[in-house]
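# Summary of the model geometry
Okay, here's what each chain looks like letter by letter:
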Amino acid sequence: MSPTATHPGLSAPREGTSPSAAVTSTYSALSREVRDQGLLNRAVGYYGWTLAALTTALGGLVAGFVLLGDSWFQLLIAGALGLVLTQFAFLAHEASHRQVLRSGPANDRAGRILANAVVGISYSWWMTKHTRHHANPNRRGKDPDIAPDVVVFVPEDAAAARGFKAFINRYQGYLFFPLLTLEGLNLHVTAYRSLLARDGHGDARTRVRELSIITVRLATYVAVLFWVLPLGMAFAFLGVQLAVFGVYMGASFAPNHKGMAVLPADAKVDFLSKQVLTSRNIRGGWFMSILMGGLNFQIEHHLFPSMPRPHLGRARELVRAHCAHIGLPYTETSLVNSYRIVVGYLNEVGLSARDPFDCPTFHQLRRQ
């Protein structure tokens, strides 16, 4: 799919009514069916067992860290810690969507504890950014997830890049996974930048509280590493943990929308079409749901953001059948193929821009 493609399904007419009104009506019917089957009910037991399992795993890693002491096998602990912290981040994400507990304030409290104290990232920053993303996935100028950064997602942003950044953008598809090794560090830095900014997310009291918790967590973590391990090993442990965390986080979120339709800023699109046509599911059943924290059911997650993870599989059956009935394309692929699509898409965007080392004057002189 072209980097800026829109899908013909966005404007497929229905006889006697506007396409937007018709599709909106069918979404209301789908939503009623989902609600009638109890798929929006909380799954407190599931999340209780998940949190208990992750807490046990974290405790086991702490015990292993203490028992191993001065040993390079600590890097295995570091890698495993990166995986477990990502799983905690998935739970924080689900709490932010009111999926875990029965009340909004209780979910927010759980999300803040998990994000700030366990993972070390800003819950307020995440809530602001992710809410904007859900409202306008893959919409230019409105979805922060496709705003230009180290990696760019539309050709115009690639064309505007200069210098070394332009070189990175030109080969960004091939560089994507290596760049993710820095994403863990970036998330921690972003937490501080967003909370310290004059127009930071949340009120002043919330920002101070988050800053305090994140700082205590980070200081304690780093102090323990450098107290128990030799200097070089401590740096290696920290580097491996952050790299694994960054790659796992990025590899879980990237397949969801990259390479799907990118909508113009002024596009008039109904809710159902907007969410389905810009999202991609990943096959793999219950194992993939655990591996990706439910993000493999991205279409259903966007249609019903408060739906608990264990109910998404059943919702998938309903949504697939509904989309087939109204002729709305429903995208689902394997995890490996999704990465192939993401890499190809990023390269297509990057290569659409001029080579940063290409000299127009040189080519003009050659033609003379």
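Read on for a plain summary of the structure. (Residues numbered from 1 in each chain as written. Predicted model: local features only at pLDDT ≥ 70, side-chain atom pairs only at ≥ 80, totals over all residues. Heavy atoms only, no water.)

## Looking at the overall build of the protein
- Along the backbone of the protein there are 17 helices and two strands.
- A buried classification covers 49% of the 368 residues belonging to the protein.
- A sequence separation of at least 24 residues applies to 71% of the contacts in the protein between residues at least 6 apart.
- Looking at the protein as shown, the accessible area adds up to about 17600 Å², and 64% of this sits on carbon and sulfur atoms. (Helix = DSSP H or I, 4+ residues; strand = E, 2+ residues; numbered from the N terminus. Buried < 20%, exposed > 50% of the residue type's maximum accessible area, 1.4 Å probe, protein only. Contact = heavy atoms within 4.5 Å. Areas by Shrake-Rupley, 256 points an atom, 1.4 Å probe, with all protein chains shown as cover.)

## Focus: the environment of Phe297
- Examined against the element boundaries, Phe297 turns out to sit in the loop between helix 13 (285-291) and helix 14 (298-303).
- In the structure, Phe297 is positioned 19 residues away from Arg316 in sequence and 7.2 Å away in space, judged by C-alpha atoms.
- Contact partners of Phe297, with chain neighbours within four places excluded, come to Asn281, Ser289, Leu312, Gly313 and Arg316.

## Things to note about the packing of helix 3 (residues 74-96) against helix 5 (residues 123-135)
- Between helix 3 and helix 5, the least distance of the axes is 11 Å, while the angle of their chain directions is 60 degrees. Between helix 3 and helix 5, the angle is such that the two are oblique. Note on packing geometry: the crossing formed by helix 3 with helix 5 is right-handed. Contact residues: Ala92, His93, Ala95 and Ser96 in helix 3; Tyr123, Trp126, Met127 and His130 in helix 5.
- Classifying every residue of the contact of helix 3 with helix 5 gives five nonpolar, three polar and no charged. (Axes fitted to C-alpha atoms, helices over the stretch in contact; angles between N-to-C directions. Parallel < 35°, antiparallel > 145°, perpendicular 65-115°, else oblique. Left-handed = near helix turned anticlockwise from the far one by under 90°. Nonpolar A, V, L, I, M, F, W, Y, C, P; charged D, E, K, R; others polar.)

## With respect to empty space enclosed by the protein
- Within this structure, the stated rule accounts for four cavities of 30 Å³ or more.
- Of the volumes computed, that of the largest cavity is approximately 90 Å³.
- Looking at the largest cavity, the residues that line it are Ala89, Phe90, Ala92, His93, Ala115, Ile121, Ser122, Tyr123, Trp126, Met249 and Phe253.
- Those elements giving two or more residues to the lining of the largest cavity turn out to be helix 3, helix 5 and helix 11 (231-253).
- Looking at which element gives the most residues to the lining of the largest cavity, the answer is helix 3, with four residues. (1 Å grid on protein atoms, 1.4 Å probe; cavity = no way out; pocket = protein on both sides within 12 Å on 5 of 7 lines; lining within 4 Å. Points joined across faces, edges and corners; volume = space filled by probe spheres on them.)

## Details of the layout of surface pockets
- Here the largest pocket is characterised by a volume of approximately 1200 Å³.
- Every residue lining the largest pocket is counted, 35 residues in all, and those nearest its centre are Trp125, Lys129, Asp149, Glu183 and Asn186.
- For the lining of the largest pocket, the elements supplying multiple residues, two or more each, are helix 5, helix 8 (172-180), helix 9 (183-196) and helix 11.
- Here the second largest pocket defines a volume of roughly 400 Å³.
- Considering the residues around the second largest pocket, the lining is formed by 16 residues, among which Leu58, Val62, Leu81, Tyr221 and Val224 are closest to the centre.
- Counting residues per element, the ones that place at least two in the lining of the second largest pocket are helix 2 (44-68), helix 3, helix 4 (104-119) and helix 10 (204-228).

## Points about the side chain of Thr333
- Secondary-structure assignment places Thr333 in strand 2 (residues 332-333).
- Taking the relative accessible area as the measure of exposure, Thr333 reaches 8% and is therefore buried.
- When neighbours within four sequence positions are excluded, Thr333 is seen to be in contact with Arg280, Asn281, Ile282, Arg283 and Ser338.

## A word on the packing of helix 4 against helix 10
- Across the interface, helix 4 lies against helix 10 with an axial gap of 7 Å and an inter-helix angle of 40 degrees. With respect to their mutual orientation, helix 4 and helix 10 come out oblique. Taken together, the residues of helix 10 that come into contact with helix 4 (itself represented by Arg112, Asn116, Ala117, Val118 and Val119) are Thr206, Glu210, Ile213, Ile214 and Arg217.
- Partitioning the contact of helix 4 with helix 10 into residue classes produces five nonpolar, two polar and three charged.

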